[in-house]
Amino acid sequence: MDLTELYQSVILEHNKRPRNYAVLPTANRVAGGNNPVCGDEVTVYLRLEGDRIADISFQGAGCAISQAATSVMTLRLKGRTVAEAEAIFARFHDIVTQGKADEEDLDLSAFAGVHQFPARIKCAMLGWHAALHALHNDAAPATTE
Amino acid sequence: MKPPAPTPDWAALRADFPILHQTVHGRPLVYLDNGATTQKPRAVIAALTRYYEQDNANVHRAIHELSHRATTAYEAARARAAAFIHAPAPEEIIFTRGTTEGINLLAYALTPRLRRGDAILVTEMEHHSNLVPWQLLAARTGAQLRFVPVTGDDGRLDLRKLDELLSGPVRLFAFTHVSNTLGTINPAVELCARARQHGILTLVDAAQSAGHMPVDVQALGCDFLAFSGHKMAGPTGIGVLYGRRDLLEALDPFQGGGEMIASVQFEQSTWNKVPHKFEAGTPDIAGAIGLHAAMDYLDAIGRPAIAAHDAALAQDAYQRLRAVPGIRLLGPAGERGGLVSFALPNAHAHDVVTFADQEGVALRGGHHCTQPLLRKLGVPATTRASFYLYNTPAEVDRLVEVILLAAKFFAG
């Protein structure tokens, strides 16, 4: 396994320059996520207008996989309905757990290498779980455990 | 005067550890996660096998030959553990599952002795296992926790206010001998002496010291001391809690069951003598026997020599890692235990550890079960390389090389 398969340039680039990395003052949904084993933390901010994610941002501290996966997520979920977001979540979950690349979405597919590193799957999913908690208005923080 | 011990043949000792001689991801294994657990020499593995193949039986109760052999070997391990830490008597050695269970045992047994308004003093550099049991004890009794602060990145205890912290209703001072995150060697003799002046009991967490340097409970002047077998070339599942005999005799039992009783009636029981009062149920007999072999192995080399060996590797690594641009090294620059802990500016510890693993180098990344300490220092996670007697200067070369590569890779 070549490390560049795990750390694709998309991931390294998003880690260095995360998108939508800010507190969202207009957010009406906020959810935290943490991995108690490694201490990675992420907070996802959403502004839900009706059924649609009008805006989304995040802040956090953690490894390149967790930060880049959350950064890419904000790009994918912005403007989507809750049902569409859930479908994208499921697709991303398949990519990181089974390595199923998605020709339609090269940025998400950049995370396909993660499935060969089972210890790192929870890193990739951390921000996504937090977003799902925010969408479902689940008060409990998302945790990888 | 004993004659000075001959310099150990480190390369020959390395051959005693079968697990080290393998490749990982196509590279020779460089095992630098000894702070988490150490590898086992053939002598320890053979002791376990011999016990299970020849002597296995339950201890203390049966009359037959195998039980006699198992009991003799188990109690010989206890006497060996007492000698290993210079405890006055074998009865002061309680076998536990490890350091964590030893500390929990003491915290539980102290419950009836603490009341609302009492205080327990710990330090900011404690492993969760020497913090959470005291939080639980405090919650049970209404006692308060107090903390000896850590100075900053150089990772020393700030002792300027120690007498203030030790005054008032403090019942116990629990502190680590060597920090698993910072590598700091705490002045345990002084800390125990200062606590004693205030009439306060002491517990030393020796998880990172017992197998790495001479540990003498009488020289330290501690009341309790806990360590784990698996962090000192012994098996997992076995550890020791040392306690002064008069204190152990006064404390209530931890768990109830077989072995720990003198007489049982339907409504009440009386307790066995120490240490059996604290060892309910069938103990880890094989573990104790394996630990005995580990203690023999370490003392045949000599713990002063092991301490010097580990410290030299750590010091070499510390000095050379300073050359990595932007690196933040934690813990004292001078005397330190056998580990280095650091954060890179552009690479999270988990990414560094994954990177190193692909190069065959086993490191640890994260908060090292010292979350409050890292939060205070403002570091989300560190990468740690921890050394033991079988590590070599060439492995330090490899560590530095891999960290430089990782820094470059993630800086992109």
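Computed from a predicted structure; not experimentally measured. (Residues numbered from 1 in each chain as written. Chains lettered and ligands numbered in written order. Predicted model: local features only at pLDDT ≥ 70, side-chain atom pairs only at ≥ 80, totals over all residues.)

## As for the domain arrangement of chain B
Residue and element names in this part refer to chain B. Domains assigned within chain B are domain 1 (10–36 + 302–411) and domain 2 (45–299). For the side of domain 1 that touches domain 2, the secondary structure elements donating two or more residues are α11 (303–321), β13 (328–330), β14 (339–343) and α13 (371–377). It is α11 that contributes the most residues to the side of domain 1 that touches domain 2, six residues altogether. For the side of domain 1 that touches domain 2, the class distribution of residues is 13 nonpolar, nine polar and six charged. (Domains from an automatic or database assignment. Helix = DSSP H or I, 4+ residues; strand = E, 2+ residues; numbered from the N terminus. Nonpolar A, V, L, I, M, F, W, Y, C, P; charged D, E, K, R; others polar.)

## Here we look at helix α5 (residues 132–141) of chain B
Residues and elements named next belong to chain B. Looking at α5, one finds that the buried residues are P133, W134 and L137. Relative to the axis of α5, the buried residues are bounded by an arc of 95 degrees and lie together on one face. Residues of α5 that are buried in the fold lie against α4 (99–109), β5 (119–123), β6 (144–148) and β7 (170–176). At the exit of α5 stands G142, carrying a positive phi of roughly 85 degrees. (Buried ≥ 20, exposed ≤ 12 C-beta atoms within 10 Å, placed from the backbone. Arc of directions from axis to C-beta. Contact = placed C-beta atoms within 7 Å.)

## Focus on the environment of G152(B)
All names here are of chain B. Residue position: G152 is located in the loop between β6 and α6 (162–166). By the C-beta count within 10 Å, which is 12 here, G152 ends up exposed. On a C-alpha basis, the gap between G152 and L330 in space is 8.6 Å, while along the polypeptide they are 178 residues apart.

## Some remarks on the sheet that holds β6(B)
Strands in a sheet are paired, the pairing made by backbone hydrogen bonds, and the direction either parallel or antiparallel. All names here are of chain B. In space, the seven strands of this open sheet follow the order β4-β10-β9-β8-β7-β5-β6, with mixed pairing throughout. Both edges of this open sheet fall to β4 (93–96) and β6, since each of them pairs with a single strand only. Across this sheet, the average inter-strand angle for adjacent strands is 20 degrees, counted without regard to direction. Sheet analysis places β5 next to β7, joined by three bridges and oriented parallel. Within β7, the position partnered with L121 by the bridge is F173. (Pairing = 2+ DSSP bridges. Axes fitted to C-alpha atoms, helices over the stretch in contact; angles between N-to-C directions.)

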